[in-house]
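Geometric and topological summary
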Amino acid sequence: ADATEHVQAGEEVVPLPYQHLRDKASQLPPEEVEDLHDDSDAPIDLADAVSREKFTIIVLAHRRYGSLQRLLNSLKAADYLGDKVALEIQIDGSSGSLWKRTISVANKFQWPFG
């Protein structure tokens, strides 16, 4: 889905990884949404349910250590709304100084979100 499909003037902006949960909740009759409960019998807030979702970011790299470093810094600067987010870095290649530098960038990177 295109990101612009979910952003309209006056509407709350929902991060795209969570849009499917909002879509499901919006299809339920109002009485069913009000009756949602967890194991403790406390009402479930849609925002709380959405915030518990987990996802993985997969980064593919190949001998471009500078590009990898910029991408990782951008991912680290993003706001994940308090969620745990796993980061998986896959590096293609098997030898050479560029490959070794790319491996070094990945190994030194500290991911604080999951």
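Calculation notes
Residues numbered from 1 in each chain as written. Predicted model: local features only at pLDDT ≥ 70, side-chain atom pairs only at ≥ 80, totals over all residues. Heavy atoms only, no water. Helix = DSSP H or I, 4+ residues; strand = E, 2+ residues; numbered from the N terminus. Contact = heavy atoms within 4.5 Å. Areas by Shrake-Rupley, 256 points an atom, 1.4 Å probe, with all protein chains shown as cover. Buried < 20%, exposed > 50% of the residue type's maximum accessible area, 1.4 Å probe, protein only. Phe/Tyr/Trp six-rings, centres within 6.5 Å; stacked < 30°, edge-to-face > 60°. Pairing = 2+ DSSP bridges. Right-handed = clockwise from strand over helix to strand, strands pointing away. Expected span 1.5 Å × (residues − 1). Arc of directions from axis to C-beta. Axes fitted to C-alpha atoms, helices over the stretch in contact; angles between N-to-C directions. Parallel < 35°, antiparallel > 145°, perpendicular 65-115°, else oblique. Left-handed = near helix turned anticlockwise from the far one by under 90°. Nonpolar A, V, L, I, M, F, W, Y, C, P; charged D, E, K, R; others polar.

Moving on: the overall build of the protein. Scanning the protein from terminus to terminus reveals five helices and two strands. For the protein, the succession of helices and strands along the chain, N to C, is α-α-α-β-α-β-α. A sequence separation of at least 24 residues applies to 70% of the contacts in the protein between residues at least 6 apart. Per element, the accessible surface of the protein, about 8300 Å² overall, is 51% carbon and sulfur.

This brings us to the environment of Ala 61. Following the sequence through the fold, Ala 61 ends up in strand β1 (residues 55–61). Taking the relative accessible area as the measure of exposure, Ala 61 reaches 13% and is therefore buried.

Moving on to the side chain of Thr 102. If you trace the backbone, Thr 102 turns up in helix α5 (residues 97–108). Owing to a relative accessible area of 0%, Thr 102 belongs among the buried residues under this scheme. The residues touching Thr 102, leaving out its near neighbours within four places in the chain, are Ala 61, Arg 63, Arg 64, Tyr 65, Leu 68 and Ile 91.

Glancing now at the packing of aromatic side chains. Under the counting rule described, the total for this entry stands at five aromatic pairs. Pairing Tyr 80 with Trp 111 gives two aromatic rings, centres 5.8 Å apart and planes at 65 degrees, and the pair type is edge-to-face. Pair noted here: Tyr 80 is in the loop between α4 (65–77) and β2 (85–91) and Trp 111 is in the segment after α5, with a separation of 31 residues, a long-range link. As far as the burial class goes, Tyr 80 and Trp 111 line up, both buried. Note on Tyr 80 and Phe 113: the rings are 4.9 Å apart at their centroids and 65 degrees apart in plane angle, and the pair reads as edge-to-face.

The two faces of the sheet receive side chains in turn, since in a regular strand these alternate between them. In this structure, β1 lies alongside β2, joined through seven bridges in parallel fashion. Across the sheet, residue Leu 60 finds its bridge partner in β2, namely Gln 90. Considered for its hand, the β-α-β crossover made up of β1, α4 and β2 is right-handed.

With that out of the way, let us pick up α5. Helix length check: α5, at twelve residues, gives a terminal C-alpha distance of 16 Å against a target of 16 Å (1.5 Å per residue), a fit within 8%. Inspection of α5 places Thr 102, Val 105 and Ala 106 among the buried residues, and these make up the whole buried set. One face of α5 carries all of its buried residues, which in axial projection span an arc of 95 degrees. Across from the buried face of α5, at angles greater than 90 degrees, the exposed residues are Ser 97, Lys 100, Asn 107 and Lys 108.

Right, let's get into the packing of α4 against α5. Put simply, α4 and α5 touch, their axes get as near as 8 Å, and they point 15 degrees apart. By the angle class used here, α4 and α5 are roughly parallel. Between α4 and α5 the crossing geometry is right-handed. Here α4 contributes Tyr 65, Leu 68, Gln 69 and Leu 72 to the contact with α5, which in turn contributes Leu 98, Arg 101, Thr 102, Val 105 and Ala 106. Here the contact of α4 with α5 is composed, by residue class, of six nonpolar, two polar and one charged.

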